[in-house]
Amino acid sequence: MTTAEEADSTTCAVVVNDEEQYSIWPAGNPVPAGWRPTGFQGGKAECLAHVAEIWLDMRPLSLRRASADAA
Amino acid sequence: MTTTADAGAPARSGNAQTVHELFERRVALTPDATALSRGAERIGYAELNARANRLAHLLRERGVAPGSNVAVCAERSPEVIVALLAVLKAGGAYVALDPKQPYERHRTLLADSGANVLLTQEHLLAGLDGLPEPVGHPVLLDRPDPSLADRPATDPGLPGDPERPAYIAYTSGSTGTPKGVVVPHRAVLRLVTEPNFLTIGPEDAVLQFAPVAFDASTLEIWAPLLNGARLAVVPPGEPGLDQLAETAENEGVTIMWLTAGLFHQMVDGPLHRLSGVRQLVAGGDVLSVTHVNKALAMLPGIRVVNGYGPTENTTFTCCHVMTEPVESDTVPIGVPVTGTRIQILDEQGRPVTGEEPGELYTGGDGVALGYLGRPEQTAERFVPDPTAPGRLLYRTGDLVRRRADGVVEFLGRADHQVKIRGFRVEPGEIEAALLARPEITDAAVVAQEHTRTGRRLVAFYVADHGLSVPELRRGLARTLPPYMVPAAFVRLMAMPLTLNGKVDRAELRKDVNRDRPDLGSDYRAPEGEVAEALALMWGDLMEIDGIGADDDFFELGGHSLMATQITADIATLWGVEVPPRAFYENPTVAELAQVVEELKR
């Protein structure tokens, strides 16, 4: 089981997919297909705080586009 | 690469991309079939569709559009089903508010969801008074707007999108505020179209009993309506076990869902009345092998299904279908449901080998879009799926093990989350509510196991001076749902700590304190045979010694499931049937004893 302290000591990378959904991934591990690093790295808490700053519209991109087309 | 539903979901549901489109297809196929029933009341597919369409057009005029969240606060009824369909048809997502939950909770959820319209019933209006705009002028479901009849009965026909939210389901949040899980249409379709854990068709009738705010309702409501079956709605209120079994019997129910606690009580009670049920789905918590086996033995031909899954993966993730007695020590959670992939990972996020235990991660079409307006918490729990490009895996926090035969077993939680009467509870949310009181300087909430009543929450707190327990309980009940209000409150001089300086929760779980709580009233001994027996009966269930004649059932920590159990004990001991409302109208030992005495005559 991963405790909060253990998780915080690992360096994480902020990653994003084509739907502009953000998540975190252990830095140094190959990023899964369909995701790319944003360039931000740090402790788990720092990465999550960064996500909170940049992920302002949480709707998947395809849905945002469909809504824009309909409007 | 996109995360829109892969080829699987649309193929399984024809070309329908959304819940209401699939429903509309059903309407075209069997317009005259019964969609809803409640006693003698029958609503056909075409009629339900027309009613939902009229309301959907009204909602559109009230500003509901794709992307809107619409609150529904109503008692179980056919109107609620009309309302949910109407919200989806108007492009919105429904946010169910349970009428049993406190007003302050409603305010919190309305603000958090940003709902722009509220749908409710006339008798609930008083409890919803003074809400801010735009929900301050609710739409009444049971006193429909006279202009509704003039609205078109035709489908609004907005372009459907499988990724659009269908509902927001609020769950307990460990940081002190509830969080809304955003569930898209494709996730609902993945649960109910050609499920591998259930067979369902036009000949079936499914019981609607779960609160809409509880995600078991997703299965109860949409499985029948998207498969041409009938939804049998249980009358409003809190039926006793016998009433529930009677409704299932009278409505010809063939499929029903029960939370684990209720399933166990049903098996020990009027199970024989469920002889018409072909598939009994139970879950929300650990099922007992004994009860599953008893159900299988007593109801020949029945299939008992253990349904497991977090709300974030849309009601079910794994199911175990049983027709033969279970021979293992625990009831497995089975195999992934259709449209679901699971992974069991170790602490470093690597797949475990063989039958090693690990944390369950789940992916596929059932994964929610995240937590509404909570990017941090979403990114923490919804992580990249290494096996499906661009897709998400939800990290459940549940520890499981895959047996050699491929069946998965549930082992426990990786964190403090507990299940109380089938509801998921983060003790941290209750601790935050306790610490919000100025008198309380430290608090910890744990679940303690009890042989008869199952699990109950016990709050331990440190305070400068003693607090009246009923006052504390009332305070929490103003903001928390009933199942999150602890059954017992224990004041400590200091919290026990582990060697690392953290609260020793294992120690607290063992600390069973049977003292009568500080009720702010004097103890008076119960008088007479019935009152004395009742005080002992309550004490056994609540684990409290020395309950007094004037002590209040709810202030002591009693709840409706406990009342059901006491009703059964009273029936066994004195051969009388106490109505469920007796506990509300006569909440003290002396008052309830009087009810029993009168019934005995």
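Computed from a predicted structure; not experimentally measured. (Residues numbered from 1 in each chain as written. Chains lettered and ligands numbered in written order. Predicted model: local features only at pLDDT ≥ 70, side-chain atom pairs only at ≥ 80, totals over all residues. Heavy atoms only, no water.)

**Topic: the overall build of chain B**
Summing up its helical and strand segments, chain B has 18 helices and 27 strands in all. Seen through its principal axes, chain B has C-alpha atoms that stretch 65 × 60 × 55 Å. Within chain B, the proportion of its 601 residues that are buried is 59%. In chain B, of all internal contacts separated by at least 6 residues, the share reaching a separation of at least 24 is 66%. Chain B carries 56 positive and 80 negative side-chain charges, and their two centres are separated by 4 Å. (Helix = DSSP H or I, 4+ residues; strand = E, 2+ residues; numbered from the N terminus. Buried < 20%, exposed > 50% of the residue type's maximum accessible area, 1.4 Å probe, protein only. Contact = heavy atoms within 4.5 Å. Lys, Arg positive; Asp, Glu negative; His and termini not counted. Charge placed at Lys NZ, Arg CZ, Asp CG, Glu CD.)

**Describing the sheet that holds strand β1 (residues 12-17) of chain A**
Residues and elements named next belong to chain A. Spatial strand order, β2-β1-β3: 3 strands in an open sheet with antiparallel pairing. In the strand order of this sheet, the two ends are held by β2 (22-26) and β3 (35-42), each with one partner. Across this sheet, the average inter-strand angle for adjacent strands is 35°, counted without regard to direction. Pairing of β1 with β3 involves 5 bridges; the strand directions are antiparallel. Directly across from Ala13, in β3, lies its bridge partner Gln41. Packed on one face of the sheet, helix α2 (residues 44-54) meets β1, β2 and β3 and runs near 120° to β3. (Pairing = 2+ DSSP bridges. Axes fitted to C-alpha atoms, helices over the stretch in contact; angles between N-to-C directions.)

**A short note on the pairing of strand β15 (residues 318-322) of chain B**
All names here are of chain B. Burial runs high along β15: 4 of the 5 residues are buried. Sheet topology places strand β14 (residues 303-308) next to β15; 5 bridges connect them, and they run antiparallel. Its bridge partner lying in β15, Gly307 is registered against Cys319. Relative to strand β16 (residues 335-336), β15 runs antiparallel, the two sharing 2 bridges. Across the sheet, the residue bridging to Cys318 is Pro336, located in β16.

**With respect to the UniProt feature "domain: Carrier" (unreviewed entry) in chain B**
UniProt marks residues 525-600 of chain B with the feature "domain: Carrier" (unreviewed entry), using the numbering shown here. Counted over residues 525-600 of chain B, helix gives 59% and strand 0%. Its end C-alpha atoms are 22 Å apart. (UniProt positions renumbered as here; feature names shortened; annotations may be inferred.)

**Looking at the nonpolar core**
Residue and element names in this part refer to chain B. Within the largest apolar cluster, 103 residues are counted, with the highest numbers of intra-cluster contacts made by Leu119, Trp222 and Leu225. Examining the composition of this core, we find that 9 residues originate from one element, helix α4 (residues 78-89), more than from any other. For Leu225, the contacting residues outside a window of four places in its chain are Phe23, Arg26, Ala35, Tyr45, Leu48, Ile81 and Leu231. Ala260, Phe263, Val304 and Leu561 belong to the second largest nonpolar core, which has 33 residues in total. (Core = buried A, V, L, I, M, F, W, Y, C linked by side-chain atoms within 4.5 Å.)

**What to know about a negative patch on the surface**
On the surface, a cluster of negative charge is made up of Glu529, Glu532, Glu597 and Glu598 of chain B. Secondary-structure assignment places Glu532 of chain B in helix α15 (residues 529-542). (Patch = residues over 30% accessible without salt bridge, like charges linked within 9 Å, V, L, I, M, F, W, Y side chains within 5 Å. Areas by Shrake-Rupley, 256 points an atom, 1.4 Å probe, with all protein chains shown as cover. Salt bridge = Lys/Arg side-chain N within 4 Å of Asp/Glu carboxyl O.)

**Quick word on the pattern of salt bridges**
All names here are of chain B. Applying the stated criterion across every chain, the model contains 39 salt bridges over all chains. The closest approach of N and O atoms between Asp204 and Arg278, which form a salt bridge, is 2.6 Å. Separated by 74 residues along the polypeptide, Asp204 in the loop between α6 (185-192) and β10 (205-208) and Arg278 in the loop between α9 (260-268) and β13 (279-283) bring together distant segments of the chain. In this structure, the salt-bridge partner of Asp550 is Arg524, at a minimum N-O distance of 2.8 Å. Of the two residues, Asp550 is situated in the loop between α15 and α16 (560-574) and Arg524 in the loop between α14 (505-510) and α15; the sequence distance between them amounts to 26 residues. Residue Asp550 is classed as partly exposed on the basis of its relative accessible area, which comes to 39%.

**Examining the domain arrangement of chain B**
Entries for chain B in the domain assignment read domain 1 (19-160), domain 2 (195-416), domain 3 (426-510) and domain 4 (529-600). A C-alpha centroid distance of 29 Å is found between domain 2 of chain B and domain 3 of chain B. (Domains from an automatic or database assignment.)

**Structural notes on the confidence of the model for chain A**
On average, residues of chain A score 87 in pLDDT, and 85% of them reach the 70 mark or higher. With pLDDT under 50 throughout, residues 1-7 of chain A is counted as low confidence; its partners more than four residues away or in other chains account for 8 contacts. (pLDDT = per-residue confidence, 0-100.)

**With respect to the interface of chain B and chain A**
At the junction of the two partners, chain B supplies 30 residues and chain A supplies 27 residues. Around 2,400 Å² of area is buried between chain B and chain A when both sides are counted, 62% of it from carbon and sulfur atoms. Remark: the boundary between chain B and chain A carries 1 salt bridge. We note a salt bridge from Glu380 of chain B to Lys44 of chain A, for which the minimum N-O separation is 3.0 Å. Across the chain B-chain A interface, the total number found is 6 residue pairs in polar contact (both at pLDDT 80 or more). Per element, the largest residue contribution to the side of chain B that touches chain A is 5 residues, and it comes from helix α11 (residues 375-381) of chain B. A class-by-class count of the residues in the side of chain B that touches chain A yields 13 nonpolar, 6 polar and 11 charged. (Buried area = accessible area lost by both parts, 1.4 Å probe. Polar contact = N/O pair within 3.5 Å; in protein donor to acceptor, adjacent residues only side chain to side chain. Nonpolar A, V, L, I, M, F, W, Y, C, P; charged D, E, K, R; others polar.)

**Section: the sheet that holds strand β7 (residues 139-140) of chain B**
Residue and element names in this part refer to chain B. Read across the open sheet, the 7 strands follow the order β7-β6-β4-β5-β8-β9-β19; overall the sheet is mixed. Every interior strand has two partners, whereas the edge strands, β7 and β19 (370-371), have only one. With 4 bridges connecting them, strand β4 (residues 69-73) and strand β5 (residues 93-96) associate as parallel partners. Along β5, the bridge assignment pairs Asn69 with Ala93.

**Here's the deal with the packing of α15 of chain B against helix α18 (residues 589-600) of chain B**
Residues and elements named next belong to chain B. Two numbers describe how α15 lies on α18: the axes approach to 9 Å, and their chain directions differ by 125°. In terms of axis orientation, α15 runs oblique to α18. For the pair α15 and α18, the crossing hand works out as right-handed. Every residue of α18 that contacts α15 at Val530, Ala531, Leu534, Ala535 and Trp538 is listed here: Val589, Leu592, Ala593, Val596, Glu597 and Lys600. Looking at side-chain class alone, the contact of α15 with α18 contains 9 nonpolar, no polar and 2 charged residues. (Parallel < 35°, antiparallel > 145°, perpendicular 65-115°, else oblique. Left-handed = near helix turned anticlockwise from the far one by under 90°.)

**Section: the side chain of Glu431 of chain B**
Note that Glu431 of chain B resides in helix α12 (residues 427-435). In this structure Glu431 of chain B comes out as buried when scored by relative accessible area, which is 11%.

**Quick notes on helix α3 (residues 45-61) of chain B**
Helix length check: α3 of chain B, at 17 residues, gives a terminal C-alpha distance of 24 Å against a target of 24 Å (1.5 Å per residue), a fit within 8%. Listed in full, the buried residues belonging to α3 of chain B are Tyr45, Leu48, Asn49, Ala50, Ala52, Asn53, Leu55, Ala56, His57, Leu58 and Leu59 of chain B. (Expected span 1.5 Å × (residues − 1).)

**Some words on unusual backbone geometry**
With the exception of glycine, most residues fall at negative phi, and the peptide bonds are largely trans. All names here are of chain B. Following Glu133, the chain continues to Pro134 via a peptide bond in cis, the omega torsion being 5°. Relative to the helices and strands, Pro134 is located in the loop between β6 (117-120) and β7. In the Ramachandran plot, Thr314 falls in the positive-phi region, its phi being about 55° despite a non-glycine side chain. Examined against the element boundaries, Thr314 turns out to sit in the loop between β14 and β15. The exposure class of Thr314 is buried, given its relative accessible area of 0%. At Arg421, a residue that is not glycine, the phi angle is positive and equals roughly 45°. Turning to its location among the elements, Arg421 is positioned in the loop between β23 (418-420) and β24 (423-425).

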